[in-house]
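Take a look at the letters that make up each chain.
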Amino acid sequence: MEIGQPLQRLCRLQIQRLLVFVITLVVVFVILSQLIAFPYKNYTLIVSPHTKGILVHEVAIYDNAPITYEPPLNESKVPLNESKVEAGCKGYDCNHGSLVSQIATKQNGSDRNVYNASESTRLSYMISVLDSAVAARFNKKGKSFSARDRQLQHARMQIENGPTLGSIRGLDVSLYRNVSKFVRSYRLMETTLKIYIYKEGKKPIFHDPKLRGIYASEGWFMKLIERNRIFVTKDPKKAHLFYLPFSSLKLRNSSQEEHPRDRKDLEQHLKNYINLIAGKYPFWNRTNGADHFLVACHDWAMKLTKDHMGSCIRSLCNSNLATGFKIGKDTTLPATYIRSAEDPVKDLGGNPPSERPILAFFAGGMHGNLRPILVRHWHDKDPDMKIFGPMARDIESKASYRTYMKSSKYCICARGHEVFSPRIVESIYYECVPVIISDNYVPPFFEFLDWRAFSVFVLEKDVADLGGILRSISAEKYVEMQKRVKMVQHHFIWHKEPVKFDLFHMILHSIWNNRVFPVGD
């Protein structure tokens, strides 16, 4: 007994020392882990709004979960370029000139700004992301060895460092983010760019443009580029870009014929084409398709090209940030509803501002969730607003539709199932200020055009306030915007023989811009 008691005390002492040692190790481990993680703490959850919900360098910033934005020190919680947001403010200059919603919610008992993945993205955010991507490109180190790379590098330096230009005939400075940079880039495109068009591919899916309807943009571009002699080269070794000449519309239609095919079959069709050209030529494998491009307008084009053509520069009508559109790599293809292949600019123009008695006009199918809400709130609710559902398809009704657009101050371009609508370009054709209600839509040519100068952006959640938002725009502001709509019109017009700064050249220039400044550079 006398020996057992000291042993018991010794064991208890050893156990206590062991517990202290273990606790000390745990504390040290926690402290070290905090110190190591400090520079990255909350990086995946607390992000700048400049990148919220946007795919940059093929990385999604959010993962279908709410993201909390906490401004850094010395940064106001007032949204970017939205310093006039105040409680109860519903004017155009208050929070309706952008593409983004901000929802204040309570978390852990305190008010915090929470941005949900389903929310819209600001036009200013899109511009900021684009500018950040450009800055990142120039910070990349690397050498260019091929003649093509040296030409592109030289063009890049001239575009970025060239002199400021004076007045430019036919271009109004107010329409552009940087008119000098745009013109320098455009001129270098005219003198430098060479494109190789693959001859492979059978009609009707390849080399067979459709020039009428709401998806006509892809067809008109295909027709004009395939017969072009300025940009197209027969020597692929001289090419800066490689065109994949397929029609997303005809690919989709091929699944509705005698032997219907599902979406996977259509994707496989495109994969087989890539395998064909990759096996026959070295150019695809050289860059994994990064210097190849496609022009596609069908709703399905985004998903059909995502896997096997995702590395390409994709010019898409369905430029939806929420479904994989990548700013800085992909470009927006304007959707143009062409009724006559012989006269694509038929009925162009509209009434002057003094002869536009209708405040706002919309008519269209009840596709998606937004349009039924728009019609429910505004059909027959305001005598100055003509908001309808679908109109008849007879000649008289179509003429009435155009008359409404030509007689309205604002034309409502509300998203349907997808984010894009041919009404945006229709509005410009008929000189009606477009009101874009499509939260995740990236406007065409926003890299250079300042869309806020000639259009209005309204959040989908603010449809009930549409009348008040439009009435808050002063008469002087409206006249100014309508004048700019007329001035920007020439950038959205198809010509049988392309002319300087027209739609063919603007689409090509947006692709050229992303080739000169590649995201992966």
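Residues numbered from 1 in each chain as written. Predicted model: local features only at pLDDT ≥ 70, side-chain atom pairs only at ≥ 80, totals over all residues. Heavy atoms only, no water.

- Going by the annotation in an unreviewed UniProt entry, the name recorded for the chain is Exostosin GT47 domain-containing protein, with Centaurea solstitialis given as the source organism.
- Its UniProt record, at the heading Sequence similarities (unreviewed entry), says of the chain: "Belongs to the glycosyltransferase 47 family."
- Database annotation for the chain, UniProt heading Subcellular location (unreviewed entry): "Golgi apparatus membrane". (UniProt positions renumbered as here; feature names shortened; annotations may be inferred.)

1. Describing the overall build of the chain
Turning to step 1, where the next piece is worked out: Broken down by element type, the chain carries 16 helices and 15 strands.
Turning to step 2, where the next piece is worked out: The buried share among the 521 residues of the chain stands at 50%.
Turning to step 3, where the next piece is worked out: Accessible surface for the chain amounts to roughly 25400 Å². Of this, 55% is attributable to carbon and sulfur atoms. (Helix = DSSP H or I, 4+ residues; strand = E, 2+ residues; numbered from the N terminus. Buried < 20%, exposed > 50% of the residue type's maximum accessible area, 1.4 Å probe, protein only. Areas by Shrake-Rupley, 256 points an atom, 1.4 Å probe, with all protein chains shown as cover.)

2. Points about the pattern of salt bridges
When the charged atoms of two side chains lie near each other, side chains of opposite charge can form a pair.
Turning to step 1, where the next piece is worked out: In the structure shown here, the tally under the stated rule is 18 salt bridges.
Turning to step 2, where the next piece is worked out: Residues D347 and R339 are paired through a salt bridge, measuring 2.5 Å at the closest nitrogen-oxygen approach.
Turning to step 3, where the next piece is worked out: D384 is paired through a salt bridge with R471; the nearest N and O atoms lie 3.1 Å apart. Within this pair, whereas D384 is found in the loop between α11 (370-378) and β12 (385-387), its partner R471 is found in helix α14 (residues 466-471), the two being separated by 87 residues in sequence.
Turning to step 4, where the next piece is worked out: By sharing partners, the salt bridges in this structure join R314, K329 and D330 into a single network. (Salt bridge = Lys/Arg side-chain N within 4 Å of Asp/Glu carboxyl O.)

3. Comments concerning empty space enclosed by the protein
Turning to step 1, where the next piece is worked out: Applying the stated criterion across every chain, the model contains two cavities of 30 Å³ or more.
Turning to step 2, where the next piece is worked out: Its volume calculated, the largest cavity comes out at about 100 Å³.
Turning to step 3, where the next piece is worked out: If you go around the largest cavity, the residues you meet are Y337, I338, R339, S340, D343, P344, V345, K346, L348, E426, Y429 and Y430.
Turning to step 4, where the next piece is worked out: Class assignment for the residues of the lining of the largest cavity results in seven nonpolar, one polar and four charged.
Turning to step 5, where the next piece is worked out: Of the volumes computed, that of the second largest cavity is approximately 40 Å³.
Turning to step 6, where the next piece is worked out: Taken together, F445, E447, F448, M506, H509 and S510 make up the full set of residues lining the second largest cavity.
Turning to step 7, where the next piece is worked out: For the lining of the second largest cavity, a count of residues per class yields three nonpolar, two polar and one charged. (1 Å grid on protein atoms, 1.4 Å probe; cavity = no way out; pocket = protein on both sides within 12 Å on 5 of 7 lines; lining within 4 Å. Points joined across faces, edges and corners; volume = space filled by probe spheres on them. Nonpolar A, V, L, I, M, F, W, Y, C, P; charged D, E, K, R; others polar.)

4. Things to note about the sheet that holds strand β6 (residues 195-197)
Turning to step 1, where the next piece is worked out: Across the sheet, which stays open at both edges, the five strands sit in the order β6-β7-β8-β9-β10 with parallel pairing between neighbours. At either end of the open sheet lies a strand with only one pairing partner, and these are β6 and β10 (331-332).
Turning to step 2, where the next piece is worked out: For strand β9 (residues 313-316) and β10, the ladder comprises two bridges, and the chain directions are parallel. Its bridge partner being in β10, L316 is matched across the sheet by T332.
Turning to step 3, where the next piece is worked out: Helix α6 (residues 216-226) rests against β6, β7 (241-243) and β8 (292-296) of the sheet, and its axis sits at about 135 degrees to β8.
Turning to step 4, where the next piece is worked out: Helix-sheet contacts for helix α16 (residues 503-516) involve β6, β7, β8, β9 and β10, and the interaxial angle to β9 is about 150 degrees. (Pairing = 2+ DSSP bridges. Contact = heavy atoms within 4.5 Å. Axes fitted to C-alpha atoms, helices over the stretch in contact; angles between N-to-C directions.)

5. Examining the pairing of strand β11 (residues 358-362)
Turning to step 1, where the next piece is worked out: Among the five residues in β11, five count as buried, and that is most of the element.
Turning to step 2, where the next piece is worked out: One ladder, built from three bridges, connects β11 with strand β13 (residues 408-414); its direction is parallel. When the sheet's bridge partners are listed, A360 is paired in β13 with Y410.
Turning to step 3, where the next piece is worked out: Two strands pair when backbone bridges link them, and β11 and β12 are joined in this way by three bridges, in the parallel orientation. Bridge assignment links A360 to a residue of β12, and that residue is M385.
Turning to step 4, where the next piece is worked out: For the crossover that starts at β11, traverses α11 and ends in the parallel β12, the hand is right-handed. (Right-handed = clockwise from strand over helix to strand, strands pointing away.)

6. Things to note about a positive patch on the surface
Turning to step 1, where the next piece is worked out: A grouping of K210, R212, R393 and K398 is seen on the molecular surface, where their side chains present a positively charged patch.
Turning to step 2, where the next piece is worked out: Tracing the sequence through the fold places R393 in the loop between β12 and α12 (395-406).
Turning to step 3, where the next piece is worked out: Relative accessible area serves as the criterion here: at 75%, R393 is assigned to the exposed category. (Patch = residues over 30% accessible without salt bridge, like charges linked within 9 Å, V, L, I, M, F, W, Y side chains within 5 Å. Lys, Arg positive; Asp, Glu negative; His and termini not counted. Charge placed at Lys NZ, Arg CZ, Asp CG, Glu CD.)

7. Some details on the nonpolar core
Turning to step 1, where the next piece is worked out: If you look at the biggest cluster of nonpolar residues, it comprises 135 residues, and the most contacted ones within it are Y410, I412 and W451.
Turning to step 2, where the next piece is worked out: Among all residues touching Y410, those that are not within four sequence positions of it are L359, A360, F361, C432, V433, V435, V456, L470, I473, Y478 and M481. (Core = buried A, V, L, I, M, F, W, Y, C linked by side-chain atoms within 4.5 Å.)

8. Digging into the state of the cysteines
Turning to step 1, where the next piece is worked out: Counting across every chain of the model gives two disulfides.
Turning to step 2, where the next piece is worked out: Linked covalently through their sulfurs, C297 and C317 form a disulfide whose S-S length is 2.1 Å. Measuring the twist about the S-S bond at about -95 degrees, one finds the C297-C317 disulfide to be left-handed. A residue pair is termed long-range when its members are at least 10 positions apart, and C297 in the loop between β8 and α10 (301-304) and C317 in the loop between β9 and β10 qualify at 20 residues. The pair C297 / C317 is uniform in exposure class, with both members buried.
Turning to step 3, where the next piece is worked out: The disulfide that involves C411 links it to C432, with 2.2 Å between the sulfurs. (Disulfide = S-S within 2.5 Å.)

9. Describing the sheet that holds β13
Turning to step 1, where the next piece is worked out: Judged by pairing direction, the sheet is parallel, and its five strands sit side by side in the order β12-β11-β13-β14-β15 without closing on themselves. Strand pairing shows two members of the sheet lacking a second neighbour, β12 and β15 (456-457), which therefore form its edges.
Turning to step 2, where the next piece is worked out: As defined by bridge partners, strand β14 (residues 433-437) adjoins β15 across two bridges and the pair is classed as parallel. Looking at β15, one finds that I436 is bridged to F457.

10. A word on the layout of surface pockets
Turning to step 1, where the next piece is worked out: The volume enclosed by the largest pocket comes to roughly 1000 Å³.
Turning to step 2, where the next piece is worked out: Only α12 and α13 (423-429) provide two or more residues apiece to the lining of the largest pocket.
Turning to step 3, where the next piece is worked out: Of the residues forming the lining of the largest pocket, the biggest block, four residues, is contributed by α12.
Turning to step 4, where the next piece is worked out: A breakdown of the residues in the lining of the largest pocket according to their chemical character gives 12 nonpolar, eight polar and 11 charged.

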